[in-house]
Amino acid sequence: MIVGPNGTTLTLDSKSPFDLRLDQSREVTESAVKKALRTGDMGFLHSFTTGSTVDGPGIRVVGWTAGCHWRCLYCHNPDTWSMINGMPVTVERAVEHLRQYRHGLKIMSGGFTLRGGEPLMQDRFAAKLLTAAQAMGIHTAVETNGSLGDRLSDEELEKIDLVLLGIKTWGSEKHTRLTGQDIGPTLDFARRLAARKRPVWIRFVLVPGLTDDPQDLKEIARFAAGLGNVERVEVLPFHQLGRYKWERLEIKYELEAVAAPSKELFDQACGIFRTEGLKAF
Ligand code: SF4
């Protein structure tokens, strides 16, 4: 439990990232937010979840950060876009929370994954938390869109045992239409991770009619295969679990009529990655 700025009690744990959490930092002053971002002494977290089997190897504890400057049309956690929706948590408190899981995580060959939102929006907090986790012997992973990777020093990259790098689509125009942002910084970060031989899993969300162009998939596959440090590609079927959040937040949602990909489409996508010699699931 955490006592919020207004004296209310906040719970760090969440059963699911699909819990809608809003305005948890409403009473934190702007200057306190700026200081937190500068020093990394405090972070803004949507929640912690435990027992994840889909955020890196083994069983994971996952810290969900608040704040993302992208606007992916298929985002299933738009409540993590705003930093103000995250609860303020000191780095010490987050480390203490993590410490209680460290033995279990080792036994289950798991670790800690920081994701969001975009964790590197809070790069100082992320660096401190991941450094502390690794120092406790916990395997560390970050799921990121990669666009802010240049905020981490080479030394800080060494504190991340695995980067789960989201590549959303291919081509500047399509990428901007899908995410609101340019693809260039993500690809630059991927190349930097490759140059430093840091392990990477590529994550790709397969959305029928939006990200399923076989030519785009081939381009992503060729790029990923050429890096030399990509251990696997995870093809994530689009789903509608976050749709209610868009409705509650009154944000226009364009994918209402889109269904999950068929098994055939999923297999075809994995096949394209495998053709380039990558492991794809
Ligand atoms: S980068 Fe992730 S959190 Fe940000 S909008 Fe895209 S899917 Fe959502």
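Sequence order as written defines residue numbering, which begins from 1 separately in each chain. With pLDDT at 70 or above as the cut-off, local features in this predicted model cover only qualifying residues; side-chain atom pairs require 80 or more to be listed or tallied, and sums for whole chains, interfaces and linings still use all residues. Working from all heavy atoms in the structure, the side-chain values ignore hydrogens and water.

S.K.: Hey, could you run me through the packing of aromatic side chains in this one?
M.R.: A pair of Phe, Tyr and Trp rings is counted when the ring centres sit within 6.5 Å of each other, with Trp represented by its six-membered ring. The angle between the planes then sorts it: under 30 degrees is stacked, over 60 is edge-to-face, the rest tilted. In the structure shown here, the tally under the stated rule is five aromatic pairs. The interplanar angle of 45° and the centroid separation of 5.0 Å between the aromatic rings of Trp246 and Tyr253 together place this pair among those described as tilted. Judged on exposure class, the residue Trp246 and its partner Tyr253 are both buried. Linked through ring pairs, Trp81, Trp246 and Tyr253 together constitute an aromatic cluster. One Lys or Arg, Arg232, reaches over the ring of Trp201 and ends 3.9 Å from the middle of that ring. Exposure is judged per residue with a 1.4 Å probe applied to protein chains only, and the accessible area is read against the type maximum: over 50% gives exposed, under 20% gives buried, and values in between give partly exposed. A ring is scored as having a charge over it whenever the NZ atom of a lysine or the CZ atom of an arginine sits within 6 Å of its centre and within 35 degrees of its normal.

S.K.: Mind showing me how you'd approach the site of the ligand here?
M.R.: Whether a residue is near a molecule or strand depends on its heavy atoms: if one lies within 4 Å, it is near. As a matter of local geometry, the ligand sits amid Cys68, Trp70, Arg71, Cys72, Cys75, Trp81, Gly117, Asn145 and Lys168. Placement of the ligand is best described as lying within the largest pocket. Three residue categories are used. Nonpolar comprises Ala, Val, Leu, Ile, Met, Phe, Trp, Tyr, Cys and Pro, charged comprises Asp, Glu, Lys and Arg, and polar comprises the others, including Gly. When the residues that make up the shell around the ligand are grouped by side-chain class, the tally is five nonpolar, two polar and two charged. The pocket and cavity definitions rest on a 1 Å grid over protein atoms only: a 1.4 Å probe that fits but cannot leave marks a cavity, an open set with protein on both sides within 12 Å along at least five of seven lines marks a pocket, and residues lining either have an atom within 4 Å of a point. Any molecule with more than half of its atoms within 2 Å of a cavity's or pocket's grid points is counted as sitting in it.

S.K.: How should the pattern of salt bridges be read in this particular structure?
M.R.: One side chain can pair with another of opposite charge once the charged atoms of both are near each other. Whenever a carboxyl oxygen of Asp or Glu lies within 4 Å of a side-chain nitrogen of Lys or Arg, that contact is scored as a salt bridge. Summed over the entire model, instances satisfying the criterion amount to 23 salt bridges. Between Asp154 and Arg192 there is a salt bridge whose closest N-O contact spans 2.8 Å. Here Arg192 lies in helix H7 (residues 184–195) and Asp154 lies in helix H5 (residues 154–157), a separation of 38 residues in the sequence. You can call Asp154 partly exposed: its relative accessible area is 34%. Classification of Arg192 as partly exposed rests on a relative accessible area of 23%. A salt bridge links Arg196 to Glu158, with the shortest nitrogen-to-oxygen separation between them at 3.7 Å. Pair noted here: Arg196 is in the loop between H7 and strand E9 (200–206) and Glu158 is in the loop between H5 and strand E8 (162–166), with a separation of 38 residues, a long-range link. The way it works is that DSSP assigns letters per residue, a run of H or I at least four long becomes a helix, a run of E at least two long becomes a strand, and they are numbered from the N terminus.

S.K.: Sorry, what's going on with the layout of surface pockets here?
M.R.: Any space left empty among the atoms is revealed by the rolling of a water-sized probe across them. By volume, the largest pocket is sized at about 750 Å³. Around the largest pocket sit 34 residues that line it, and His76, Arg115, Glu143, Arg203 and Leu236 are the ones nearest its centre. Of all the secondary structure elements, the ones that give two or more residues to the lining of the largest pocket are strand E3 (42–52), strand E7 (139–144), E9 and strand E10 (230–237). A total of three residues in the lining of the largest pocket trace back to one element, the largest contributor, which is E3. Of the residues belonging to the lining of the largest pocket, the class tally is 14 nonpolar, twelve polar and eight charged. Grid points are joined across faces, edges and corners, and a volume is the space filled by probe spheres set on the points.

S.K.: Can you walk me through empty space enclosed by the protein in this structure?
M.R.: Taken as a whole and judged by the stated rule, the model has one cavity of 30 Å³ or more. Approximately 50 Å³ is the volume attributed to the largest cavity. Taken together, Leu120, Ala126, Ala127, Leu130, Thr131, Leu152, Glu156, Lys159 and Ile160 make up the lining of the largest cavity. Examining the composition of the lining of the largest cavity, we find that four residues originate from one element, helix H4 (residues 123–135), more than from any other. Residues belonging to the lining of the largest cavity are distributed by class as follows: six nonpolar, one polar and two charged.

S.K.: What am I meant to see in unusual backbone geometry here?
M.R.: With glycine set apart, most residues show a phi of negative sign, and most peptide bonds adopt trans. A cis amide bond links Gly116 to the next residue, Gly117, at an omega of 25°. Checked against the element boundaries, Gly117 lands in the loop between strand E6 (111–115) and H4. Positive phi is not limited to glycine here, since Lys197 has a value of about 55°. Structurally, Lys197 is set in the loop between H7 and E9. Given the relative accessible area of 69%, Lys197 is considered exposed. Unusually for a residue other than glycine, Glu250 sits at a positive phi of about 55°. Along the chain, Glu250 turns up in the loop between helix H9 (243–249) and helix H10 (263–275). Here Glu250 falls in the exposed class, since its relative accessible area comes to 74%.

S.K.: Hey, could you run me through the pairing of E6 in this one?
M.R.: Look at any regular strand and the pattern is simple: side chains alternate between the two faces of the sheet. Here E6 lies mainly inside the structure; five of its five residues are buried. The alternating pattern of E6 places Gly111, Thr113 and Arg115 on one face and Phe112 and Leu114 on the opposite face, and all of these are buried. What makes two strands pair is DSSP finding at least two bridges between them. Sheet topology places strand E4 (residues 60–65) next to E6; five bridges connect them, and they run parallel. Bridge assignment links Gly63 to a residue of E6, and that residue is Leu114. Across four bridges, E6 lies against E7 in parallel orientation. Pairing of Leu114 across the sheet is with Val142, part of E7. One crossover worth recording links E6 to the parallel E7 by way of H4, and it is right-handed. Here the term right-handed applies to a crossover when the path leading from its first strand over the helix to its second strand runs clockwise, the strands being oriented away from the viewer.

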